[in-house]
Amino acid sequence: MSFGETPITLIGNLTDDPELKFTDSGAALAKFTIAVTPRTFDRTANQWKDGTTAFYRCAAWRTLAEHVAESLGKGSRVVASGRMRQHDWTTEQGEKRSMLAVEIDDIGASIRFTTVTINAKRATSTGPVSDDPWAASNGGASAGADAEPPF
């Protein structure tokens, strides 16, 4: 992150399926909106109350964009971190417009109210993607039973 950028973390739900597009140069772009609704406990009523929902327009790029489009859908509860960006443009009528959006750096499913299954595949330094997350970087052949996990 560069100096002067505004970091943000959002916890909320996708309002629709992510929209995956590709730029002319072939870079993947996923656009989606995260709805964030604060909740507070009202002690006098002895119940939770929802605050005003805020809608954040988000964009993810490249591999992250493809993973978002393949993994998340409408209603998915997510935890996302990124940077606020201001976009300025002029309409065909000559009116100046501006909007804030979040450029997502990382995003994942929230497991506060549900469980998820993660299907991770990692590339090793000596070859192709390994299905074994415990495999050592040399393919695991000489790692031995007493080897420490790779984290």
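Please read all numbers here as calculations on a predicted model, not as lab measurements.

Some thoughts on the confidence of the model for the protein chain
Mean pLDDT over the protein chain stands at 86; residues scoring 70 or higher make up 78%. Segment residues 138-142: pLDDT under 50, and 2 contacts once partners within four positions in sequence are set aside and those in other chains are kept.

Structural notes on unusual backbone geometry
Positive phi is not limited to glycine here, since Asn46 has a value of about 55 degrees. Despite not being glycine, Arg62 shows a phi value in the positive range, around 55 degrees. Relative to the elements of secondary structure, Arg62 occurs in helix H1 (residues 62-71).

Some details on the nonpolar core
Residues Leu10, Phe32, Ile34, Cys58, Val68, Ile104 and Ile107 are the most contacted members of the largest nonpolar core, which totals 18 residues. Elements represented by at least two residues in this core include exactly strand E1 (6-14), strand E3 (28-36), strand E6 (54-61), H1, strand E7 (77-90) and strand E8 (96-109). The greatest single-element share of this core, amounting to 5 residues, is contributed by E3. Those residues within four positions of Cys58 in sequence are excluded, and the remaining contacts are Leu10, Ala30, Lys31, Phe32, Ile34, Val102 and Ile104.

Quick notes on the rules
- In this numbering scheme, every chain counts its residues from 1 along its sequence in written order.
- Thresholds applied to this predicted model are a pLDDT of at least 70 for local features of residues and 80 or more for the giving and counting of side-chain atom pairs; totals over whole chains, interfaces and linings are not thresholded and use all residues.
- Only heavy atoms go into the side-chain values, all of them from the structure, while hydrogens and water stay out.
- Per residue, pLDDT captures the predictor's confidence, and it can take any value from 0 to 100.
- Any two residues having at least one pair of non-hydrogen atoms within 4.5 Å are treated as being in contact.
- In this description a helix means any DSSP run of H or I spanning at least four residues, a strand means any run of E spanning at least two, and both kinds are numbered starting from the N terminus.
- To define a nonpolar core, start from buried Ala, Val, Leu, Ile, Met, Phe, Trp, Tyr and Cys residues and group those joined through side-chain atoms within 4.5 Å.
- Accessible area is worked out with a 1.4 Å probe on protein chains only. A residue is then buried under 20% of its type maximum, exposed over 50%, and partly exposed in between.

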